[in-house]
Amino acid sequence: MSSTDRFDISPEQGKLLAKLARQAIAYRLETGKDLPPASKLPEPLSKPGAAFVSLHKGEDLRGCIGSLLAKKPLVETTMQAAVDAALNDPRFEQVSREELDILTVKASVLSDAEPIQATNDQELIEQLRPGEDGLILHDGKRRATFLPAVWENLPDPYEFLANLKAKAGLMPDHWSPTLHFARYTSITFSDEGATHPSD
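**Digging into the side chain of Glu 99**
Stage number 1. Summarising the element assignment, Glu 99 is placed in helix H5 (residues 97-100).
Stage number 2. Within the local environment of Glu 99, its side chain forms a polar contact with the side chain of Arg 62, the two groups lying 2.6 Å apart.
Stage number 3. Excluding residues that lie within four positions of it along the chain, Glu 99 makes contacts with Lys 57, Arg 62 and Gln 94.

If you want it as structure tokens, here you go:
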């Protein structure tokens, strides 16, 4: 079974999803409104789905926001995440319409989250699959996640976990009875910018 089979999304459908993410950003920047839902979409895009959208300028991240919950149709979740990544990521300035054309838009579709039972860092790390697992941390009001793609920059499991804790505002050695973890996998589809130096 391939990763696309597991997510019930074909490569063509995934490319369409990423394209719609870009179109949603462009429409908001040009009109100030939400892009109307497309009609007659492939069934996998119309089912409830969790997704994140990340924007990239070369190797640099330009925005990343999404939802861990599959409450809305996947296409709606993705389009909203795309707009939020472009305009509402507090780590970055808003994307301009001109800049959008040189950004790569990546839509990551998430599997259902699977709780991980562990009583310390070592037990947790022994269950992680580097390069494959996204990880959710939840402790009281603190919550953070790293997509599987983060392993590319943090290949060491201990660094991966320490940085996730830091993202949630916790110390690297933090552990408590209320600390919970869950993992998920994802498949990512990209839509390249309209203009690139190589074009």
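**Some details on the confidence of the model for the protein**
Stage number 1. Mean pLDDT over the protein stands at 92; residues scoring 70 or higher make up 94%.
Stage number 2. Residue range residues 1-5 is modelled with pLDDT below 50. Its contacts to residues more than four positions away, or to other chains, number five contacts.

**Some thoughts on the pattern of salt bridges**
Stage number 1. Inspection of every chain in the model, using the stated rule, returns 13 salt bridges.
Stage number 2. For Asp 89, the salt bridge is made with Arg 91, and the minimal N-O distance between the two is 2.7 Å.
Stage number 3. For the salt bridge of Glu 114 with Arg 183, the shortest nitrogen-to-oxygen distance reads 3.4 Å. Within this pair, whereas Glu 114 is found in strand E4 (residues 114-116), its partner Arg 183 is found in strand E7 (residues 179-184), the two being separated by 69 residues in sequence.
Stage number 4. Assessed through its relative accessible area of 40%, Glu 114 is described here as partly exposed.
Stage number 5. Where salt bridges share partners, they join Glu 114, Arg 129, Glu 132, Asp 133 and Arg 183 into one cluster.

**Digging into the layout of surface pockets**
Stage number 1. Quantified by volume, the largest pocket comes out at close to 900 Å³.
Stage number 2. Around the largest pocket sit 29 residues that line it, and Ser 54, Leu 61, Cys 64, Leu 147 and Val 150 are the ones nearest its centre.
Stage number 3. Only strand E1 (50-57), strand E2 (60-67), strand E3 (104-110) and strand E6 (142-146) provide two or more residues apiece to the lining of the largest pocket.
Stage number 4. A total of five residues in the lining of the largest pocket trace back to one element, the largest contributor, which is E2.
Stage number 5. Of the residues assigned to the lining of the largest pocket, the class counts are eleven nonpolar, nine polar and nine charged.

Here is what the cut-offs are and how they apply
Residues numbered from 1 in each chain as written. Predicted model: local features only at pLDDT ≥ 70, side-chain atom pairs only at ≥ 80, totals over all residues. Heavy atoms only, no water. Helix = DSSP H or I, 4+ residues; strand = E, 2+ residues; numbered from the N terminus. Polar contact = N/O pair within 3.5 Å; in protein donor to acceptor, adjacent residues only side chain to side chain. Contact = heavy atoms within 4.5 Å. pLDDT = per-residue confidence, 0-100. Salt bridge = Lys/Arg side-chain N within 4 Å of Asp/Glu carboxyl O. Buried < 20%, exposed > 50% of the residue type's maximum accessible area, 1.4 Å probe, protein only. 1 Å grid on protein atoms, 1.4 Å probe; cavity = no way out; pocket = protein on both sides within 12 Å on 5 of 7 lines; lining within 4 Å. Points joined across faces, edges and corners; volume = space filled by probe spheres on them. Nonpolar A, V, L, I, M, F, W, Y, C, P; charged D, E, K, R; others polar.

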